[in-house]
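The residues making up each chain are set out below.
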Amino acid sequence: MKRLCFLCTMLLVVAILFTACGTTGTTGTKGISDTPGTAAPDGKSAAQGKPSEKVEVKLSTWAGSEEAAELQEIIDRLNKSSDTYIITQDSNPADYETRLTTQLSGNAGPDLFWVSASRGAQFAARGVMLDITDRLSKSGKPAANLDDYYDSAFGPFKVNGKIYALPWIMQPVVLYVNQDALDKAGVVIDENWNWDRFMEAAKKLTMDKNGKSLGESGFDKNNIVQWGFTLNGWPPVQMFIWQAGGEVIAEDFSSSPIDTPEALMGFNFYRELLDSGVVPSQQTIRDRGFDQMFRDGQVAMFMGGAADSLDTKVENFKCVVREVPAGPTGIKATFVDLLGMGINSKTKYPDVAFEALVDLAEEIHKWKVMPPRKSIGSAENMQSLHPERKDAFPAIVNSLEYSRPYRFYQDYPDWDTVFWNQLMDPIVNNNGKPEELVPKVKPLLDEALK
Amino acid sequence: MERYLATFGRWLLVPVCLFILGLGLYYLMRILRWDKQQATGLALISPWLFGFIGFTAIPIFYSLYLSFTDFSLFGKEKWVGFGNYIKLFTNDIEFWPSVRITLSYAVFTLPVGVFGSLLVALLINREIRGIRIFRTILYLTAILPDTAVAIIWRQLFNGESGLINFFLSLFGVNKIDWFGNPKYVLPAFVIISVWGIFGTNTIIFLAALKDVSKALYEAAEIDGAGGFKRFIHITIPQISSVILVQVVMSLIGSMQMFTVAQFLRPTTQAGLFMNQLVYTRGFTQLHMGEASAIAWVLFVIILVLTLLVFRTSPAWVHYETEVKDVKGIKNVR
């Protein structure tokens, strides 16, 4: 027994020794002589937040292996040039949000993290992310200049006028087009591109195996080889409602005006697209793959995010990027997905983390399509940064001008769950009629907003 | 390197601390005048005991507490009494569809799972050439991860090129949209559950079948009993205690359906399984209080159903140590 106790005591000593060695490394990546800073929102106490040596700033992302490798190159450059921080990347795309949420909830979260718009709104409202408003106003770095960002860029990351994250990408929905198919069908997309023209084009582009278009006599609907368009809940119906002049959540978050004539017009256009034969059945989409059908030349027009870069990925035909059609009264609107980067409100080094955040955001803005900043995001600049997509940028940049994110708020997933499960899923998958569903679902959506 | 050393250090610390705690427990028990053997036993199982208390017991009771709060994973929770439960039962549009599909799934998969695996066990209980290879192949299904199984089934259920629709088309059945049409979602999951009959359940049944005394079959054969009668009057009663275990375990397993459903993501109009609802409420909507309440309702449903099974078991379960007198009253030796 004595021998066992001695062995365990020795093991304990060794363990403590190893643990201690790890936390006080010679490179000072944890800031051995640092005084942890306080999370002062006014940003006055830079000295409190800045240790005398480089500190490790942990960054969590959902980047896959290829994206993570590209990001690491950026991080290596920043780490080399900075004398205050060393960013360490922890990229794990599998179940990222659940993992991050659990870590943050257990006070073991990273200092910096990528965050989606929906989760960003939840985190911002719950004080999970650091309020960076004052730090941004005091920083002289380009990525901290709020005037340079697009108006809609901070939507999900702003609560009561306070900013909790920096957006690093804006992905407006654009129209990817099989130009070869359009040329063959004689379809031209010009400045009068609206719903009617879009539907007309989609019908012309829907072809059977005999080369006949939808609407032509003798068209064989059982042997379609190319559909004009595709949708399966994506693109979101919201953008069609916005194009019709409607809204799904009121500006003051008091109600869901989905029963207005404009909103119903948007829903009905969605229904019409599903019913008119220009869109494959949902089963076909599920079986063959949503975007895969476009890549395979089975769908002629596809709405996707600007960063999907289908124009550079498709090889079988000439793929070009165009703006989505305008509404019946000429209103232009498209959905934009936003992704941001926030600071853990419990970080030990808020000022250093902020510095790393702004520097990293600046670099990512130059890397990704599209950056949320006007100075970087001009068509000319983007063409020089990404010459392989030079033809795509005019449409992408124009789309950003009228793009909108959803109206995110603290409990947006509650609203969204009702909207999708009770309204859109029946419309898309079960032939639901908007006129019948909207009166039933509106009270539920209004309730979710309370 | 330093980080690896730190991790190694922490890794070493765990067993050392557990040993110290066990030793402390031993001396405490001795002070409390426990027998030396008892104190040693307790000290030896203490690592598991501490793990159970820390990682199972406390979280269970904490989740019960959370079900009475509005906990959102962040910030201080507020006590809401039975608010979450009242909302679930009276004002939650997703709750009852979720209960319905979960219970329906359990009702259909339970007999399929139990009798299916019994049938397979009977088949592989024969001493034929190469039976060990068959047994191994059948058990391989149990070691595949659920996500891989889900991918296989997604291919099988593919509307255009899937084998299931192809097979049905031979009988003139039109292509079925298994995961898009709410009518077919439950049947699809019940079919998928067939996968579960091979594997562990079958092996347990096989072990039980091997345990049945050959003398009983020989006696019955002498009395002129055929194969079916032997099965009904000897096999079933002899393995009934194992059937009880299988029924209970399959019931619990089917009520906790999650991975395959979460991966296949059928139309939401069919309803989410209760475990999916727990996950969505907790980790997507950040309403951990509501999620805990749903988890506890699921627990109560499973508990009630399990107790029902146990209550009926005296009528159909026979134990080796048990004899029945002529009036049918059981006596345990």
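Keep in mind it's a predicted model, so treat the numbers as computed, not measured. (Residues numbered from 1 in each chain as written. Chains lettered and ligands numbered in written order. Predicted model: local features only at pLDDT ≥ 70, side-chain atom pairs only at ≥ 80, totals over all residues.)

Novice: So, the overall build of chain B: which residues are in play, and what are the values?
Specialist: A tally of helices and strands in chain B yields 15 helices and two strands. A compact globule built from 333 residues should have a C-alpha radius of gyration of about 20 Å, whereas chain B, at 25 Å, is more than 25% larger. For the C-alpha atoms alone, the extent of chain B along its principal axes is close to 70 × 60 × 55 Å. Pairs at least 24 apart in sequence give 65% of the contacts found in chain B among residues at least 6 apart. (Helix = DSSP H or I, 4+ residues; strand = E, 2+ residues; numbered from the N terminus. Rg over C-alpha atoms; globule rule 2.2 N^0.38 Å. Contact = placed C-beta atoms within 7 Å.)

Novice: Please give an account of the overall build of chain A that cites residues and values.
Specialist: Scanning chain A from N- to C-terminus turns up 18 helices and twelve strands. Sorting the 450 residues of chain A into buried and exposed places 45% on the buried side. A separation threshold of at least 6 residues defines the contact pool for chain A, and within that pool the share at least 24 residues apart is 72%. (Buried ≥ 20, exposed ≤ 12 C-beta atoms within 10 Å, placed from the backbone.)

Novice: How would you summarise the nonpolar core if you had to cite specific residues and measurements?
Specialist: Counting residues in hydrophobic clusters, the biggest one holds 122 residues, and the most contacted among them are A:V57, A:M341, A:L357 and A:I396. Among the elements that take part in this core, strand β6 (residues 165–178) of chain A stands out by supplying ten residues, more than any other. For A:I396, the contacting residues outside a window of four places in its chain are A:P172, A:V174, A:A306, A:V321 and A:M370. In terms of nonpolar packing, the next biggest core, distinct from the first, is built from 52 residues, B:I124, B:V260, B:M274 and B:M288 among them. (Core = buried A, V, L, I, M, F, W, Y, C linked by C-beta atoms within 7 Å.)

Novice: I'd like a description of unusual backbone geometry, backed by residues and values.
Specialist: All names here are of chain A. Following W234, the chain continues into P235 via a peptide bond in cis, with omega recorded as -5 degrees. For P235, the location among the structural elements is in the loop between β8 (224–226) and α9 (237–243). Residue M370 is reached from V369 by a cis peptide bond, and omega for that bond is -5 degrees. The phi angle at F253 is positive, at roughly 60 degrees, despite the residue not being glycine. Inspection of the secondary structure puts F253 in the loop between α9 and α10 (261–275). For F253, a count of 14 C-beta atoms within 10 Å puts it in the partly exposed group.

Novice: For the interface of chain B and chain A, give the residues involved together with the corresponding values.
Specialist: By a frequent convention, interface size equals the accessible area lost on bringing the separate parts together. Taken together, the contact between chain B and chain A spans 33 residues of the former and 33 residues of the latter. By residue number, the principal contributor to the side of chain B that touches chain A is helix α1 (residues 2–31) of chain B, which donates twelve residues. When its residues are assigned to classes, the side of chain B that touches chain A shows 15 nonpolar, twelve polar and six charged. (Nonpolar A, V, L, I, M, F, W, Y, C, P; charged D, E, K, R; others polar.)

Novice: Please set out the domain arrangement of chain B residue by residue, giving values where relevant.
Specialist: Residues and elements named next belong to chain B. You can read the domains of chain B as domain 1 (2–75) and domain 2 (89–328). Once you take the C-alpha centre of each, domain 1 and domain 2 turn out to be 35 Å apart. Listed per partner, the contact involves nine residues of domain 1 and eight residues of domain 2. A per-class count over the side of domain 1 that touches domain 2 returns four nonpolar, four polar and one charged. (Domains from an automatic or database assignment.)

Novice: Which residues make up the packing of helix α4 (residues 95–123) of chain B against helix α9 (residues 200–211) of chain B, and what values do they have?
Specialist: All names here are of chain B. Two numbers describe how α4 lies on α9: the axes approach to 8 Å, and their chain directions differ by 55 degrees. One element, α4, and the other, α9, form an angle in the oblique class. In this structure, α4 crosses over α9, and the sense of that crossing is right-handed. Where α4 approaches α9, its residues G113, S117, L118, V120, A121 and L122 are matched on the opposing element by N201, T202, F205, L206 and L209. Its residues placed into classes, the contact of α4 with α9 shows seven nonpolar, four polar and no charged. (Axes fitted to C-alpha atoms, helices over the stretch in contact; angles between N-to-C directions. Parallel < 35°, antiparallel > 145°, perpendicular 65-115°, else oblique. Left-handed = near helix turned anticlockwise from the far one by under 90°.)

Novice: Break down the pairing of strand β2 (residues 85–91) of chain A for me, citing the residues and quoting the values.
Specialist: Residues and elements named next belong to chain A. Taken together, the seven bridges between strand β1 (residues 55–61) and β2 define a ladder with parallel strand orientation. Paired with S60 across the strands is D90, a residue of β2. Of the crossover connections in this fold, the one passing from β1 over helix α3 (residues 65–81) to the parallel β2 is right-handed. (Pairing = 2+ DSSP bridges. Right-handed = clockwise from strand over helix to strand, strands pointing away.)

Novice: I'd like a rundown of the environment of B:L163, residues and numbers included.
Specialist: One can find B:L163 in helix α7 (residues 163–169). With 11 C-beta atoms counted inside 10 Å, the residue B:L163 sits in the exposed group.

Novice: Talk me through the confidence of the model for chain B; I want residue IDs and the actual numbers.
Specialist: A residue-level look at chain B finds 96% of positions with pLDDT of 70 or above and a mean pLDDT of 91. At the level of chain-chain contacts, confidence expressed as ipTM amounts to 0.84, with global pTM at 0.86. (pLDDT = per-residue confidence, 0-100.)

Novice: Could you give me a rundown of helix α8 (residues 182–193) of chain B, with the residues and numbers involved?
Specialist: Residues and elements named next belong to chain B. If you check α8, its first and last C-alpha atoms are 18 Å apart, about what twelve residues at 1.5 Å a residue would give, namely 16 Å. Those residues of α8 that sit buried are P182, V185, A188, F189, I192 and S193. The buried residues of α8 occupy an angular sector of 140 degrees when projected down its axis, which confines them to one face. Elements in contact with the buried residues of α8: α4, α6 (146–156) and α13 (259–264). (Expected span 1.5 Å × (residues − 1). Arc of directions from axis to C-beta.)

Novice: Break down the packing of α4(B) against α8(B) for me, with residues and values.
Specialist: When two helices pack together, their arrangement is given by the angle between their axes and by how far apart the axes lie. Residue and element names in this part refer to chain B. The contact between α4 and α8 brings their axes to 9 Å, and the two run at 35 degrees. Between α4 and α8 the crossing geometry is right-handed. Contact with α4, carried on its side by I101, S104, Y105, F108, T109, V112 and G113, involves L186, F189, V190 and S193 of α8 and no other residues of that element.

Novice: With reference to specific residues and values, describe the confidence of the model for chain A.
Specialist: All names here are of chain A. The predicted model of chain A has a mean per-residue pLDDT of 90, with 88% of residues at 70 or higher. Here helix α2 (residues 46–49) stands out as the least confident element of chain A, with mean pLDDT 45; α9 is the most confident, with 98. Note on residues 22–49: pLDDT under 50 across the span, and 56 contacts to partners over four residues away in sequence or across chains.

Novice: Outline the pairing of strand β11 (residues 334–343) of chain A, supporting the account with residue identities and numerical values.
Specialist: Residues and elements named next belong to chain A. Counting buried positions along β11 gives nine out of ten residues, so the element sits mostly inside the fold. Relative to β11, β6 is paired through seven bridges, and the arrangement is antiparallel. Paired with A165 across the bridge in β11 is G342. Where β11 meets strand β12 (residues 403–404), two bridges bridge the pair, whose relative direction is parallel. Residue pairing in the sheet places F335 in a bridge with R404 of β12.

Novice: How would you sum up the environment of B:I192? Please name residues and give values.
Specialist: Residues and elements named next belong to chain B. Along the chain, I192 turns up in helix α8. Note: C-alpha distance between I192 and F157 (35 residues apart in sequence) is 9.7 Å. With residues near it in sequence (within four places) discarded, I192 still touches W153 and V260.

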